[in-house]
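Fold and contact review
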Amino acid sequence: MNKFKLLSILMLIAVMLSACGGGAAATEAPAEGGNNTLVFIPGSASNPSQAFGFKMFQKHAAEYNFDVSMLDGKADVAEQTKAINNAVAQGADVIIVNPNDALAIVPAMKAAQEAGVVVGIFMAAAAPGDSTFFVAVDDKQAGGVVVQGILDLFPDGATGVEIGGQAGHPAAIDRHDGFTTALADHPEIKVLDYQNPQQWDAAMAQAIAEDMVTKYGDEIQFVFCHWDNGATGVINALKAAGMEDVLVFGVDGNAVAFEQVQSWKNYNSIGQNVETIAMKSMEIANLFLAKDASAKFDNIVPFDLITKDTFGNFTPPEW
Amino acid sequence: MNKKITTQSIIAFARNNLIILGIFILAIITSFVEPNFLTVGNLQNIMRQFGPLIMLSLGMTFIIMGGFIDLSVGGIISLVAVVTVSLIDPIGQVAALMVGVVIGLICGLLNSFLIIKGGAFKQSEALFLTYGMSVVFTAVALIYTAAAPVFLTYSKTDYSIFTAIGERFVGPVSVSFIIFLVCLLILYIIESRTHIGRSICLTGGNMTAARLAGIPTEKTIVFIYAVSGIMAAIGAVVLASRVTIASPIMGKGYETQAILAVVVGGTALLGGKGSVLRTVIGTLLIIMMSNCLNLLGVTTYIQYMLRGAILILAIWLDNRKQYSEGN
């Protein structure tokens, strides 16, 4: 009886939460109205960039004649596979996925394509055939942008450190690979250390940065941190050590990045414009639905380089 | 004979304190390989990194001593951090901090209410229930922020009181360390000098026997979860003031680290025995291990493996100790 009461209380809380929800994590049924239906399946609706991505799909849906809904991937491959299958069962015309694991969801994406659904990968690359198309920035190019930024400030070369993204995450691997490849042509730039945190956690990035500052001190002239929120922790560590001239690079171009570009002496963010990527995804999806010959599988969106000189040219995103 | 007894006692000591010895050796190796390890700057780093985890771990000690577990502290951290940071502008720094602590208290009381009303008096039942509550607290934080991080806008507002908690020093001692010392003193007095402290151990040792002996076990459960909620909230404030950004998922993983700190410190996982002082050592070892491994340039993957191995070793040693004491 007691356990029945407990279950009832928990269910009541869940119902209350879902009632006051309706935000990023909500799943909405497609509306009637003759438009094509697009189901967005983020890696996790709790990821700020993905939640913002859904808002951008909703914002521009009418321009591209879509009714948009979302099924949450819940940061889990099995959940994301289930979501893809559910979207097909719901009769989606287009499924846009930000993969938790690009390889693990291939069978579900192929089954969806065989059922006549256009499947696009959002903010990540894919292999031909796995999906109908992908729209993303090229994370490997971020490394080249960082190297150029370092050379702009230190033409004779510099020493610094790299703090990666979540260990094992595809974006973190690509950003590191791109940076390493770009550095191969510039022996005058030396990376003293490279560490990844367990997850995309600013506190973990800060602890790593503090330990690197202890170890290398003034040898650190630049820090490449794989995401802007993590760079907040890096800046705190540098500030505590009185190293306020260090050049810091972050990736994402989110609201924090815009703040840091203004408040830190040398801060650059390599922005991935989520709104542009969402709009491009719908544009390409329409081309595939219309069987237009100009539709391409790989669609790379260039990075926005946000610096003190350029931040006025961009609108700070909400996330 | 004396010599034999001495050797045996040394071996017994080493066996009972294997993890502490291991990390002590790691610290010695690090100080030789990396001379900066023993600098004032690095000790201050350790002191600052110590802040958030120790607060949670102190609260978790009471929970585990009482024979329960609390996986909701990760969710409480996320919720308290985003609410506190977001309220600084509208209601001021001190009021926002107080709201944060009250939210932690409410979350803790809610946990205890559900445990008592649901009859979840076994550790395994409390584990699943508090895990569920962690998901609920995180979901509330996500809804509250629309999944976006909340950050301090230095260029516009003064956050001196709030950021002092995580960043500033009084002499060589960080403000967060002073807060920790005050919390430790209060919890140690409760644990060792009060009736409720004894009730926690008796409840954790054998709840049925404690109840029959007239111990108010339900009040004890309410107390330990309230303390855990408050300590998680203080940990969240220290964390957010240190990192200056609050994300609705920032507490993820802290619950397991807190349990690790308590168990490595030597508090019995099944309850009944332990001390907040032991947890201080456990937390210090975890923070120092991470600091040493970073300074030695050990990759993240190896660090995960070592952390997992230490947890397994600590539980194995704890079980062995319980078994030998049982015989």
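Keep in mind the model is a prediction, meaning the values are calculated, not measured. (Residues numbered from 1 in each chain as written. Chains lettered and ligands numbered in written order. Predicted model: local features only at pLDDT ≥ 70, side-chain atom pairs only at ≥ 80, totals over all residues.)

Glancing now at the overall build of chain B. Scanning chain B for helices and strands turns up 14 helices and four strands. Compactness check: chain B gives a C-alpha radius of gyration of 20 Å against a globular reference of 20 Å for 327 residues, within 12% of the reference. Across its three principal directions, the C-alpha atoms of chain B cover 75 × 55 × 35 Å. Residue burial in chain B is summarised as follows: out of 327 residues, 50% are buried. When contacts within chain B are restricted to residue pairs at least 6 apart in sequence, those whose partners lie at least 24 apart make up 80%. (Helix = DSSP H or I, 4+ residues; strand = E, 2+ residues; numbered from the N terminus. Rg over C-alpha atoms; globule rule 2.2 N^0.38 Å. Buried ≥ 20, exposed ≤ 12 C-beta atoms within 10 Å, placed from the backbone. Contact = placed C-beta atoms within 7 Å.)

The predicted model of chain A averages 88 in pLDDT, with 90% of residues at 70 or higher. Across residues 15-32 of chain A, confidence stays below pLDDT 50; counting only partners more than four residues off in sequence or on other chains, it has 27 contacts. (pLDDT = per-residue confidence, 0-100.)

All names here are of chain A. Grouped together as the largest cluster of nonpolar side chains are 196 residues, with contacts concentrated most on Leu-38, Ile-84, Ile-95, Val-223, Val-234 and Val-248. Each of domain 1 (21-137 + 274-302) and domain 2 (139-271) contributes no fewer than three residues to this core. Setting aside its immediate chain neighbours within four residues, Ile-84 contacts Ile-41, Ile-95, Val-97, Ile-105, Ala-108, Met-109 and Ala-112. (Core = buried A, V, L, I, M, F, W, Y, C linked by C-beta atoms within 7 Å. Domains from an automatic or database assignment.)

Moving on, we come to the sheet that holds strand S5 (residues 133-136) of chain A. All names here are of chain A. The six strands lie next to each other as S2-S1-S3-S4-S5-S11, forming an open sheet whose pairing is parallel. Every interior strand has two partners, whereas the edge strands, strand S2 (66-70) and strand S11 (298-300), have only one. Strand-to-strand twist in this sheet, taken as the mean axis angle between neighbours without regard to direction, amounts to 20°. Where S5 lies against S11, three bridges are found, and the strand directions are parallel. Across the sheet, Val-135 pairs through a bridge with Asn-299, a residue of S11. Along the sheet, helix H3 (residues 77-89) contacts strand S1 (36-41) and strand S3 (94-97); its crossing angle with S1, the most-contacted strand, is approximately 175°. (Pairing = 2+ DSSP bridges. Axes fitted to C-alpha atoms, helices over the stretch in contact; angles between N-to-C directions.)

We now examine the environment of A:Phe122. Residues and elements named next belong to chain A. Its location among the elements puts Phe-122 in strand S4 (residues 118-122). Residue classification places Phe-122 among the buried residues on the basis of 25 C-beta atoms within 10 Å. Counting along the chain gives 108 residues from Phe-122 to Gly-230, while the straight-line C-alpha distance between them is 22 Å.

This next bit is on the sheet that holds strand S6 (residues 158-163) of chain A. Residue and element names in this part refer to chain A. The six strands are arranged S7-S6-S8-S9-S10-S12 in an open sheet whose pairing can be described as mixed. Each of the sheet's edge strands pairs with one partner strand only, and the pair in question is strand S7 (189-195) and strand S12 (304-306). Each neighbouring strand pair of the sheet contributes to a mean axis angle of 20°, computed without reference to strand direction. Bridge analysis of strand S9 (residues 247-252) against strand S10 (residues 267-271) gives five bridges, and the strand direction is parallel. Bridge pairing in S10 links Gly-250 to Ser-269.

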